[in-house]
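Report on the structure
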Amino acid sequence: AFSSGSAKLTKQARAIMQKIAKVSAKGAGQVNVSGHTDDVPLIFGGQYRDNWDLAAARASSVVQELSKANTIPSEKLKAISFGETKPLEQNDTREGREKNRRIEIEIKYWYFFLIKDQDMDEENNIQLNSEEGYSPEAIANLERAIEEFAETMLEIKSEDANIKVFESLQITQNGRKRRIGDLA
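Residues numbered from 1 in each chain as written. Predicted model: local features only at pLDDT ≥ 70, side-chain atom pairs only at ≥ 80, totals over all residues. Heavy atoms only, no water.

Regarding the overall build of the protein chain
The test is simple: Helix numbers and strand numbers start at the N terminus; a helix is a DSSP run of H or I with at least 4 residues, a strand a run of E with at least 2. By definition in these notes, contact holds between two residues if any of their heavy atoms fall within 4.5 Å. Note on areas: Shrake-Rupley with a 1.4 Å probe; residue coverage comes only from the protein chains shown.
When you go through the protein chain residue by residue, the secondary structure sums to four helices and five strands. Listing the helices and strands of the protein chain from first to last along the sequence gives α-β-α-β-α-β-α-β-β. Taking the contacts inside the protein chain whose residues are at least 6 apart along the sequence as the reference set, 66% of them involve residues at least 24 apart. Accessible area for the protein chain stands at about 11600 Å²; split by element, carbon and sulfur atoms hold 48% of it.

Laid out in structure tokens, this is it:
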């Protein structure tokens with residue numbers, strides 16, 4: 001959570017961003033950061049014009065922190081403002097407002113691995129088989145990358161009870177997305 005009217009990252013949040021940047025560097029995906037606020041109007045003449053501006057500053061502060069690591073290409077980072085339009089809780093209590101002052105980070109983690117048509121069964125499940133051209137090392141690398149990413153996200157969640165981690169794994173084959181399971 002952010003302090004009311006602030007887009008400043010805490011020391012703990014900066015440490016979390018460093019972990020996210022490190023583990024995301026191994027993939028090739030997009031990182032979308034959305035900023036959110038409570039519905040408390042900002043003071044006229046303050047640093048931010050309105051809650052849209054403040055939410056954009058929150059998302060930008062996270063994107064800037066992620067980019068400092070120089071592990072995720074800048075063109076893969078996106079800051080989005082939702083202002084006060086997507087609250088998690090009612091804004092009529094201090095606790096509700098605290099939960100609404102947040103950022104959400106969507107990591108589209110892509111790990112490139114060649115999947116051939118013959119590797120899909122009738123239900124579109126992947127059947128990685130080293131007898132059909134994949135080396136055990138290639139399969140092990142894919143499994144390690146997925147496991148490391150999932151473990152890091154769960155570790156980050158365990159450090160802060162306010163962090164929620166939603167994980168699922170999808171592949172794209174011939175332009176079609178196929179879900180192949182949950183990571184946790």
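Still to come is the rest of the account.
So, the pairing of strand β2 (residues 77–81)
The side chains of a regular strand alternate between both faces of the sheet. Heads up, the condition is: What makes two strands pair is DSSP finding at least two bridges between them. Crossover handedness is defined by viewing with both strands directed away from the observer: a clockwise path from the first strand over the helix to the second marks the crossover as right-handed.
In this structure, strand β1 (residues 31–36) lies alongside β2, joined through five bridges in parallel fashion. Considered in β2, the bridge of V31 is made with L77. Taken together, β1, helix α2 (residues 51–68) and β2 constitute a β-α-β crossover, and its handedness is right-handed.

Quick word on the sheet that holds β2
Selection criterion: Throughout, an axis means a line fitted to C-alpha atoms (over the contacting stretch in the case of helices), and angles, computed between N-to-C directions, take values from 0 to 180 degrees.
In spatial order, the strands read β2-β1-β3; together these three strands make up an open sheet with mixed pairing. The sheet is open, and its two edges are formed by β2 and β3 (102–107), each paired on a single side. Pairwise comparison of adjacent strand axes, ignoring direction, gives a mean angle of 20 degrees for this sheet. Where α2 meets the sheet, it contacts β1, β2 and β3, and its direction lies at approximately 165 degrees from that of β2.

As for the packing of helix α1 (residues 11–24) against α2
To keep it simple, the criterion reads: Angles are sorted into four bins: roughly parallel if under 35 degrees, roughly antiparallel if over 145, roughly perpendicular if 65 to 115, and oblique for all others. For any pair of crossing helices, the crossing counts as left-handed if the nearer helix is rotated counterclockwise from the farther one by less than a right angle, and right-handed if it is rotated clockwise. Put simply, Ala, Val, Leu, Ile, Met, Phe, Trp, Tyr, Cys and Pro go in the nonpolar bin, Asp, Glu, Lys and Arg in the charged bin, and everything else, Gly too, in the polar bin.
In the contact formed by α1 and α2, the axes pass within 8 Å of each other and the chain directions differ by 55 degrees. Comparing their axes, α2 and α1 come out oblique. Along this stretch, α1 crosses α2, giving a crossing that reads as right-handed. Contact with α1, carried on its side by R14, M17, Q18, I20 and A21, involves V62, E65 and L66 of α2 and no other residues of that element. Split by residue class, the contact of α1 with α2 holds five nonpolar, one polar and two charged.

Things to note about unusual backbone geometry
Of note in this structure, N70 is not a glycine but carries a positive phi near 55 degrees. On the secondary structure map, N70 appears in the loop between α2 and β2.

Considering the confidence of the model for the protein chain
Fine structural detail should not be taken from predicted coordinates in areas where pLDDT scores are low. Counted only if it meets this: For every residue, the predictor states its confidence as a pLDDT score lying anywhere from 0 to 100.
Looking at the protein chain, the pLDDT average stands at 75 and 65% of residues meet or exceed 70. Taken together, the stretch residues 180–184 has pLDDT below 50 and engages in 15 contacts with residues farther than four places along the chain or on a different chain.

Section: the pairing of β1
To keep things clear, this is the line we draw: Each residue is assigned to one of three classes by its accessible area relative to the maximum for its type, calculated with a 1.4 Å probe on protein chains only: buried under 20%, partly exposed between the two thresholds, exposed over 50%.
Burial of β1 is extensive: six of the six residues sit out of reach of the surface. What you see with β1 is no split at all: V31, V33 and G35 on one side and N32, S34 and H36 on the other are buried throughout.

A short note on a negative patch on the surface
Heads up, the rule is: Note on patches: the residues involved have over 30% relative accessible area and no salt bridge, like charges join within 9 Å, and the nonpolar side chains Val, Leu, Ile, Met, Phe, Trp and Tyr join within 5 Å. Salt bridges are defined by distance alone: a side-chain nitrogen of Lys or Arg within 4 Å of a carboxyl oxygen of Asp or Glu. Positive charges come from Lys and Arg alone, negative charges from Asp and Glu alone, with His and the N- and C-terminal ends not counted. One atom stands in for each charge, and that atom is NZ of Lys, CZ of Arg, CG of Asp or CD of Glu.
A contiguous patch of negative charge, built from D39, D50, E84 and D92, is present on the exposed surface. Take E84: its relative accessible area is 36%, and that puts it in the partly exposed class.

Some words on α2
Which entries qualify depends on this criterion: Every helix has an expected span of 1.5 Å times one less than the residues it contains. By the criterion applied in these results, polar contacts are pairs of N or O atoms within 3.5 Å in which, for protein atoms, one can donate a hydrogen and the other can accept it, and in which residues neighboring in sequence qualify only through two side-chain atoms.
The end-to-end C-alpha distance of α2 is 26 Å, a good match for the 26 Å that 18 residues give at a rise of 1.5 Å each. Within the span of α2, buried status applies to N51, L54, A55, A57, R58, A59, S61, V62, V63, E65 and L66. Looking at the buried side of α2, the elements it contacts are α1, β1, β2 and β3. One side-chain oxygen of the residue at the start of α2 lies 3.1 Å from the amide nitrogen of W52, identifying that residue as D50. In the segment just after α2, N70 is the residue with positive phi, at about 55 degrees.

What to know about the environment of E98
For E98, the position within the fold is in helix α3 (residues 94–100). The spacing of E98 and T37 is 61 residues in sequence and 8.7 Å in space, taken between C-alpha atoms.

Structural notes on the nonpolar core
Counted only if it meets this: Residue types Ala, Val, Leu, Ile, Met, Phe, Trp, Tyr and Cys, when buried and joined through side-chain atoms within 4.5 Å, form a set referred to as a nonpolar core.
In this structure, M17, I20, V33 and L66 are the most contacted members of the largest nonpolar core, which totals 19 residues. Those elements that place two or more of their residues in this core are α1, β1, α2 and α4 (136–159). By residue number, the principal contributor to this core is α1, which donates six residues. If we skip the residues at most four places from it in the chain, M17 touches L9, V62, E65, L66 and I105.

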